[in-house]
Each structure stands twice: as C-alpha cells, then as structure tokens.
Amino acid sequence: MEIDPTAVSLRPFRISDADDFLSFAGDDRVTRFLRWKTLASREEALATIRDVCIPHPWRRTVCVGDRCVGFVSMWPGSGDDRCRADIGYGVAREWWGKGVATRAVRMALSQVFGDFPDVLRIQAFVGVDNKASQRVLEKAGFTRDGLLRKYAYLKGDLQDLYLYSFLSTDIVPAY
Ligand SMILES: CC(C)(COP(=O)(O)OP(=O)(O)OC[C@H]1O[C@@H](n2cnc3c(N)ncnc32)[C@H](O)[C@@H]1OP(=O)(O)O)[C@@H](O)C(=O)NCCC(=O)NCCS
C-alpha cells in the first residue's frame, strides 16, 4: 500500500542516523545496484556518515516520520558541466513498493533546482535490469534519453545503462 506522501521528508544526515543507515547500507539487496560497498558494522556506518554523507555536495536522508529509511544524492557538475547533476537513491528493503523513493525523488528535484541555479538538467544512469528504479524515474516524470551500451562496470560486471533526464522546465505546478 502506498504511504501517505506527507509522511516522507528529506533532511541532512546526522551521526545519530548510524543504526538506521546501517540497516539499509548494510543490506546487499539495496547496495546491489549502487557503487557502494555494503557496510559491515556500526563503526563503518558512523564513519561513512561523518566522512561521506555529511560533507557530500548534496546528500539527504529520506525519512518516514522520524526514521531514516533511505537516501537521495545529487552530484552537480562544474565548469562546462554545471548545467547538470547526477542523481542516485536507495530505500531500505522493508519500505520498497510504498512510493517512498518516488516521493523522495520528486522532493529532491524541486530542492536541487533551487539550491543550484545553474543546474537545468538532472540525470540518472540505471541498469537495464533495475526495473524498480526505472519505474521510479518514470513516475517522477523523467524521460528516457537512450541506452548506453557497455557503459560502466558495477561490482565487476560490465553494464548496459539507460540514461534518464529531467529538466527544470519539466517541473509542473504542485510537483
Ligand atoms: C529502486 C528503489 C529505490 C525503489 O524504491 P521504492 O520506494 O520501492 O520505489 P516506489 O515504491 O516509489 O516505486 C517502485 C515501483 O517499481 C515497481 N517495481 C518494483 N519491482 C519491479 C520489477 N521487478 N519490475 C517492474 N516494476 C517493478 C513497483 O511496482 C513500483 O511501481 P508502481 O508504483 O507503478 O507499482 C529500491 O528498490 C531500492 O532501494 N533499490 C536498490 C537501490 C537502487 O536500485 N537504487 C537506484 C540505482 S539507479
């Protein structure tokens, strides 16, 4: 059943999120499609929040109520690439299929176009086998730009990736 969208929020990571963070960043089912090493301990979770999540250019934890259940990251380009940002996201297994990622991605899009005025395009690279992620992007209003054949390695496997994009002009009222 879909969650009440108003229960989902984004905020910066806190050190106190370590246990919740470990519960999804330590789960191979979540990290399988990410360039993340699956975390193995609370100490690794604390260090990753402190050294990676908090200093990140734009990474937010996805909360349901007060609970940290996922993340959304954006990597804005610089110089001649300042017009675009790459997006990544993940949600704890127990929350899959409830609309959490779609809601989080929609909120992130609105915020990032405001936070980085040079960014006009947000793009996502998604493995051809990652149907859930493709569906999230479609529900959030992204356009599939094309297929990038043998584009990058993910955990040792050479991948065909779909490239999706969302432009600042794709935001509609009440998005
Ligand atoms: C991708 C991911 C973030 C989706 O999170 P979520 O909160 O379950 O997403 P939502 O509930 O908003 O939407 C999921 C959609 O995918 C659909 N879906 C799930 N598995 C599917 C499959 N195997 N084939 C087709 N559609 C599928 C769901 O039915 C739903 O669509 P619907 O609302 O039309 O029914 C989550 O699965 C995850 O964390 N995966 C691991 C990390 C990851 O892949 N990140 C993205 C890297 S590009």
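Described in the following lines is the structure provided in the data block. (Residues numbered from 1 in each chain as written. Predicted model: local features only at pLDDT ≥ 70, side-chain atom pairs only at ≥ 80, totals over all residues. Heavy atoms only, no water.)

### What to know about helix α1 (residues 18-25)
- When α1 is considered as a whole, its buried residues turn out to be A18, F21, F24 and A25. Each buried residue of α1 lies within a common arc of 135° when the element is viewed along its axis, so the set occupies one face.
- The inward-facing, buried residues of α1 contact α2 (28-31), α3 (42-53) and β3 (67-76). (Buried < 20%, exposed > 50% of the residue type's maximum accessible area, 1.4 Å probe, protein only. Helix = DSSP H or I, 4+ residues; strand = E, 2+ residues; numbered from the N terminus. Arc of directions from axis to C-beta. Contact = heavy atoms within 4.5 Å.)

### A short note on the state of the cysteines
- All chains considered together, the criterion is met by 0 disulfides.
- The thiol sulfur of C63 is not disulfide-bonded, and the nearest other cysteine sulfur, from C68, lies at 6.0 Å. (Disulfide = S-S within 2.5 Å.)

### Describing the site of the ligand
- Taken together, 23 residues sit near the ligand, with Y89, G97, T102, R135 and K139 positioned nearest.
- The separation between an oxygen atom of the ligand and a polar main-chain atom of V91 is 2.8 Å.
- A distance of 3.3 Å separates an oxygen atom of the ligand from a polar side-chain atom of W96.
- Coverage of the ligand by the protein amounts to 73% of the 970 Å² it exposes when considered alone.
- Spatially, the ligand is embedded in the largest pocket.
- For the shell around the ligand, the elements supplying multiple residues, two or more each, are α2, β4 (84-91), α4 (100-115) and α5 (131-139).
- The leading source of residues in the shell around the ligand is α5, at 6 residues. (Near = heavy atom within 4 Å. Polar contact = N/O pair within 3.5 Å; in protein donor to acceptor, adjacent residues only side chain to side chain. Areas by Shrake-Rupley, 256 points an atom, 1.4 Å probe, with all protein chains shown as cover. 1 Å grid on protein atoms, 1.4 Å probe; cavity = no way out; pocket = protein on both sides within 12 Å on 5 of 7 lines; lining within 4 Å. Sits in = over half its atoms within 2 Å of the grid points.)

### A closer look at the pattern of salt bridges
- Following the criterion strictly, the structure yields 10 salt bridges and no others.
- D17 is paired through a salt bridge with R11; the nearest N and O atoms lie 2.8 Å apart. The pair formed by D17 and R11 is uniform in burial state, with each residue classed as buried.
- The residue R50 makes a salt bridge to D51 at a minimum N-O spacing of 2.9 Å.
- Looking at R50, the relative accessible area reads 49%, which means it is partly exposed.
- What emerges from the salt-bridge pattern is a single network uniting D20, R67 and E94. (Salt bridge = Lys/Arg side-chain N within 4 Å of Asp/Glu carboxyl O.)

### Brief notes about unusual backbone geometry
- One non-glycine residue, K150, lies in positive phi territory at about 45°.
- Position of K150 relative to the elements: it lies in strand β6 (residues 143-154).
- One non-glycine residue, K155, lies in the positive phi region at around 50°.
- With respect to the helices, strands and loops of the structure, K155 is situated in the loop between β6 and β7 (157-167).
- On the accessibility criterion, K155 (47% relative accessible area) is partly exposed.

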